[in-house]
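# Close look at the chain arrangement
Okay, here's what each chain looks like letter by letter:
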Amino acid sequence: MSTQDLVPSPVGPVDVEQAEAALVERYPRLVRIAYLVLPPTMGRNRRVLTAHALVQRALPRRRVPGPAVPEPRRPEDAVDPGYAYVRGEVLRQALVAGLPLRRFAVPRRAQLPPLLPQVWGLRLFPRAGGADELALDQLLSRLSAPARAAYVLRGLERQGDAEVLRVLAAAGAPDPESALAELAALEDGEPDLPESAPPAPAPRGGERPERVAEQAGPGRTPAAPGPSAAPGPSPAPAAPPAGRRLSGASLLESAEFDPCTLQARPGDLLRRRQHGRAVLVGVVALLVCGALLGLPGDGWGRNGAAAPSYARNPAAEAALDPAAVKRVAAAVWPGAVRRDFSVWPARGELAGDAPLLRRALAVWARPGGAVESSATPGTPVGPPMGPPQLLFAGRVDAARVVLFHDGLRLVRYAEPVEGSAGAALDFARTDGAEGPEAAAVVVTRAAGNVRYLTAPWVSGASVRDLLMPGKEPWALGRDARGVTDAVPSPALAKECARWNTLQVEDGSGGRLLGDLGELLPARLLWGPPGRPVDATGREARETWSRTACGLTTVLGQGVRSVRSWRFARQTLPEGAGRAAWVCTRAETWRGTGTRVLAQFLPPDRKAPAALAARAQDAPACGVREPRVLAGALWQAPGGGWYVLAAGGPDVASVEVKGAVAARAEGPVLAAKAAAGARAELSATLEDGRRMPALR
């Protein structure tokens, strides 16, 4: 027979309940099988406990499917499918337990001492047998684990060689045919040893074989044929004649190999006493060493005069107490002098969930390696300095979200509703945030959409697409907690096809906020330095519609506000029309990292802005230095090339040097040039000072 033909019998699917019923009903038989297959070198006490552990671990975790294509049933398929599955699992684990441990290999679970069941202070072993049982035990000790399994299947389970081969192959035996050959060679070489019982005869055509649990096992008296058995107690099995050896099958059923009928004896009492004394001495030594290490020395310790570690600091522990979290009442903000995060009330249906708040505070203080943490540039990510203020705690989409504020930072903790993996922690600076800057917070991002939590003084919210200046904003729904409906976020988009912004009404006008990939949306402004307004007017919308896609350069940079300003207009050569020059400045919460963009807007209102110059941490176009000078190489519709330059209103003259030399009075310049020409720009202010171009 080829080993490729050694497939398990198609017993069909097995439910967990069916397997459990078979395990409980035939538990003694399954434990006996495991005990016989386990190597005798284990010792009887560990062998008994391991046999019980293997059977108790044989229960499947879920339903075991049957074969996709049912095969013809064989006579041995009359075995209960649940019992056949559990028996196969017991054999598989027993074969693994008999494998030798290798030096650098990780041991498998069946090779280790069982965790359960455990017996302390006693040694358990089956009852002692006679000479026949001793001879059989010696025979089993000389056999390999697969051969012992084959002997048990033939003698105890009354299976034929074909079914033995299939069961061994399904249990993971490396070479089932070699196991049968080893068993046959040993029995032929020592005829005095007990032989396994012959397999049960195959039924004749149309008859069902008896199940394993119903067969007349070794040492049992089969019931007399007839329509029914007479009532009354079952007759005791007949004793074997005196002087006659029991068969191997009868010995397998004897009390010598029954790990469910046990005797108890104490362990090594002297060794136990010695071990107890050694443990006591070790504990005393550890206590003495700990006391010595805690004594003060003559010099500074590692941490000097610092307080105890963070976990034992009373002030730090108070900051992590959910009962100490600050909560502002909803009636505070209408009478407050300032409108900032300090007057936000605690909102959300989970604001009273102490376990959720405790988890959020603990992750804030000690984020684990599995926590996805992010922070805007320049934001400290340490633990809270004291009990923070709770802004929100509730379920949004498929996450539980908690928002804290500690006066300097806004912290968002999010965890999934289902499961325990995927917690997130985000930090953002909010120092000095007041009014429109504290009007909304990003509460969640999912599937390309964003939801905001609006301030309590926000009376209305709408969405405005910057790329469509002529379209009126559409209303954005909010629930009772102040959480808005989901809006497609430009920060998560791959293309600049639309740029949705949040427009809120706070009683003093509309405020325009843009999502730049952070907790706090940036305020979008329009106008010269020192006199900006919200970019809700017609002129501002028309300019922002052509420059909005440039906001992708400041995503995730901790931007506080973005202001655009048209600092010059210029009539183009060859009658090409009138163009505009726009300066865009992005301010950050940390003060540094400011970005300045100078953009050229051609006469075509549908054409996007062209980037003329950019600078990092430059004062140009800001309150300290409201002036700006920028230039670009431009091609006229007729094909000619020109150097264009423009400055602010207080620029007296503009000069270009290099490949092109020209000078113009006033804030703009247009000089004919060659394609690819490079030149250096400078300007003279009305007070006589020189100003270089933005770089």
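Let us look at the structure shown here. Note that the structure is predicted; figures quoted are calculated from it, not measured.

What the protein contains, in helices and strands, is 13 helices and 27 strands. Going through the 695 residues of the protein one by one, you find that 45% of them count as buried.

The packing of two helices is summarised by the inter-axis angle and the distance between the axes. For the pair helix H1 (residues 16-25) and helix H2 (residues 27-37), the least separation of the axes is 5 Å and the interaxial angle reads 80 degrees. In terms of their interaxial angle, H1 and H2 are classed as roughly perpendicular. Note on element contacts: H2 touches H1 through Tyr27, Pro28 and Leu30, opposite Ala22, Leu23, Val24 and Glu25. Per-class residue counts for the contact of H1 with H2 are 6 nonpolar, no polar and 1 charged.

With that settled, the discussion passes to the pattern of salt bridges. Within the structure shown, the criterion is met by 34 salt bridges. Between Glu253 and Arg29 there is a salt bridge whose closest N-O contact spans 3.9 Å. Of this pair, Glu253 sits in the loop between helix H9 (248-252) and strand E2 (262-266) while Arg29 sits in helix H2, and the two are 224 residues apart along the sequence. Judged by its relative accessible area of 22%, Glu253 is partly exposed. Arg338 is paired through a salt bridge with Glu434; the nearest N and O atoms lie 3.9 Å apart. With Arg338 in the loop between helix H11 (314-319) and helix H12 (354-365) and Glu434 in the loop between strand E7 (424-429) and strand E8 (440-446), this pair connects stretches of sequence that are 96 residues apart. A residue is classified by how much of its surface remains accessible, and Arg338, at 42% relative accessible area, is partly exposed. Look at the salt bridges and you will find they share partners, linking Glu655, Lys657, Arg663, Glu665 and Arg690 into a network.

Grouped together as the largest cluster of nonpolar side chains are 54 residues, with contacts concentrated most on Val37, Val55, Leu91, Leu136 and Leu168. Excluding its chain neighbours within four sequence positions, the residues that come into contact with Leu91 are Ile33, Val37, Ala149, Leu153, Val167 and Ala171.

As a further point, take the packing of aromatic side chains. A full pass over the atoms with the stated rule returns 6 aromatic pairs. When the centroid spacing of 6.1 Å and the interplanar angle of 55 degrees are considered together, the rings of Trp565 and Phe567 count as tilted. Each member of the pair, Trp565 as well as Phe567, is classed as buried. The ring of Trp344 has Arg347 lying over it, and the distance from NZ or CZ to the ring centre is 5.2 Å.

It is worth spelling out unusual backbone geometry at this point. Unlike most non-glycine residues, Asp617 shows phi in positive territory, near 55 degrees. Of note, Asp617 is situated in the loop between strand E20 (610-616) and strand E21 (629-635). One non-glycine residue, Cys621, lies in positive phi territory at about 65 degrees. For Cys621, a relative accessible area of 0% gives the class buried.

This part is about the pairing of strand E15 (residues 522-526). The element E15 is extensively covered by neighbouring structure, given that 5 of its 5 residues are classed as buried. Here E15 shows two buried faces, one formed by Ala522, Leu524 and Trp526 and the other by Arg523 and Leu525. Inspection of the sheet shows strand E14 (residues 510-514) paired to E15 by 2 bridges, in the antiparallel sense. Of the residues in E15, the one forming a bridge with Gly514 is Ala522.

Strand order across the open sheet formed by 4 strands is E24-E23-E26-E27, with antiparallel pairing between neighbours. Looking along the sheet, the strands with just one partner apiece sit at the ends: strand E24 (662-665) and strand E27 (690-692). Averaged over all neighbouring strand pairs, the angle between strand axes comes to 20 degrees, with direction disregarded. Bridge analysis of strand E26 (residues 679-685) against E27 gives 3 bridges, and the strand direction is antiparallel. Following the sheet pairing, Thr684 is matched in E27 by Arg690.

What follows is about the state of the cysteines. Using the criterion set out here, one finds 2 disulfides in the structure. A sulfur-sulfur separation of 1.9 Å characterises the disulfide bridge that pairs Cys496 with Cys549. Residues Cys496 and Cys549 are joined through a disulfide that is left-handed, its torsion about the S-S bond being -85 degrees. Of this pair, Cys496 sits in the loop between strand E12 (487-488) and strand E13 (500-505) while Cys549 sits in the loop between helix H13 (538-547) and strand E17 (559-571); the two residues are 53 residues apart in sequence, bridging distant segments of the chain. Residue classification places Cys549 among the partly exposed positions, given a relative accessible area of 32%.

Our focus in this paragraph is the side chain of Thr444. Along the chain, Thr444 turns up in strand E8. Judged by its relative accessible area of 10%, Thr444 is buried. Contacts of Thr444, omitting those with residues within four sequence positions, involve Val396, Asp397, Arg412, Asn449, Val450 and Arg451.

What counts, and at which threshold
Residues numbered from 1 in each chain as written. Predicted model: local features only at pLDDT ≥ 70, side-chain atom pairs only at ≥ 80, totals over all residues. Heavy atoms only, no water. Helix = DSSP H or I, 4+ residues; strand = E, 2+ residues; numbered from the N terminus. Buried < 20%, exposed > 50% of the residue type's maximum accessible area, 1.4 Å probe, protein only. Axes fitted to C-alpha atoms, helices over the stretch in contact; angles between N-to-C directions. Parallel < 35°, antiparallel > 145°, perpendicular 65-115°, else oblique. Contact = heavy atoms within 4.5 Å. Nonpolar A, V, L, I, M, F, W, Y, C, P; charged D, E, K, R; others polar. Salt bridge = Lys/Arg side-chain N within 4 Å of Asp/Glu carboxyl O. Core = buried A, V, L, I, M, F, W, Y, C linked by side-chain atoms within 4.5 Å. Phe/Tyr/Trp six-rings, centres within 6.5 Å; stacked < 30°, edge-to-face > 60°. Lys NZ or Arg CZ within 6 Å of the ring centre and 35° of its normal. Pairing = 2+ DSSP bridges. Disulfide = S-S within 2.5 Å.

All quantities given are derived from atomic positions and should not be read as evidence of function.
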